[in-house]
Amino acid sequence: MKSLTKSEEDLMGIFWEEKKPLTSVEILDIASDRSWNGNYLHMMLRSLQKKGLLEACGTVRYGTQYARKFLPLLTKEEYAAKIIVSTGIKSSSIAQVTVALAKEIGDKEELIEQLEEIIQELSKNGEKES
């Protein structure tokens, strides 16, 4: 996985928070507290497309012009997993990484419930493949 710049991470964060396709016009409105201009934003959008994190998914008309809509190809969690894997973590270490992540968060009971659901789902999928 190619690393992202801080601005690219911020831009992906906007997509992950909004959870819908966005145009550059919408992004600039949402990111009004940042010093991004249209040219810089378009450069970041192209870069994120080349890195396989965004795709164009339609157009919207703004007056006499059209703006492309973009959609993230990965969730924030999938991106985090790819980053972890890119550091050289092997599949044999996933349990230890999960424990380390669990120590970093607060609500252990909710995490345990989620992990139990994931284990049950993976077990069911494993039975179907057999």
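Reference entry: report on the structure contained in this document. (Residues numbered from 1 in each chain as written. Predicted model: local features only at pLDDT ≥ 70, side-chain atom pairs only at ≥ 80, totals over all residues. Heavy atoms only, no water.)

## Describing the pattern of salt bridges
Phase 1 of the analysis: Inspection of the entire model under this criterion finds 3 salt bridges.
Phase 2 of the analysis: Between Lys6 and Asp10 there is a salt bridge whose closest N-O contact spans 3.1 Å. Here the residue Lys6 and the residue Asp10 both occupy positions in helix α1 (residues 6-18), the gap between them amounting to 4 residues, near one helical turn.
Phase 3 of the analysis: A relative accessible area of 58% means that Lys6 is categorised as exposed.
Phase 4 of the analysis: Judged by relative accessible area, Asp10 falls into the partly exposed class, the value being 22%.
Phase 5 of the analysis: Lys51 serves as the salt-bridge partner of Glu8, at 2.8 Å between the closest nitrogen and oxygen. Here Lys51 lies in the loop between α3 (38-50) and β2 (54-62) and Glu8 lies in helix α1, a separation of 43 residues in the sequence. (Salt bridge = Lys/Arg side-chain N within 4 Å of Asp/Glu carboxyl O. Helix = DSSP H or I, 4+ residues; strand = E, 2+ residues; numbered from the N terminus. Buried < 20%, exposed > 50% of the residue type's maximum accessible area, 1.4 Å probe, protein only.)

## Focus: the side chain of Thr23
Phase 1 of the analysis: With respect to the secondary-structure elements, Thr23 resides in strand β1 (residues 22-23).
Phase 2 of the analysis: When residues no more than four places from it in sequence are discounted, the contact partners of Thr23 are Val60, Tyr62, Ala67, Arg68 and Lys69. (Contact = heavy atoms within 4.5 Å.)

## A word on the pairing of β2
Phase 1 of the analysis: Where β2 and strand β3 (residues 65-72) come together, 7 bridges link them in antiparallel fashion. By the bridge assignment, Leu54 is partnered in β3 with Pro72.
Phase 2 of the analysis: Taking the residues that link successive antiparallel strands as the turn, the β2-β3 hairpin has 2 residues, and the phi of Gly63 there is positive, at about 65°. (Pairing = 2+ DSSP bridges.)

## Notes on unusual backbone geometry
Trans is the common state for peptide bonds, and a negative phi is the common state for residues other than glycine.
Phase 1 of the analysis: Within the chain, Lys19 stands out as a residue other than glycine whose phi angle is a positive 55°.
Phase 2 of the analysis: With respect to the helices, strands and loops of the structure, Lys19 is situated in the loop between α1 and β1.

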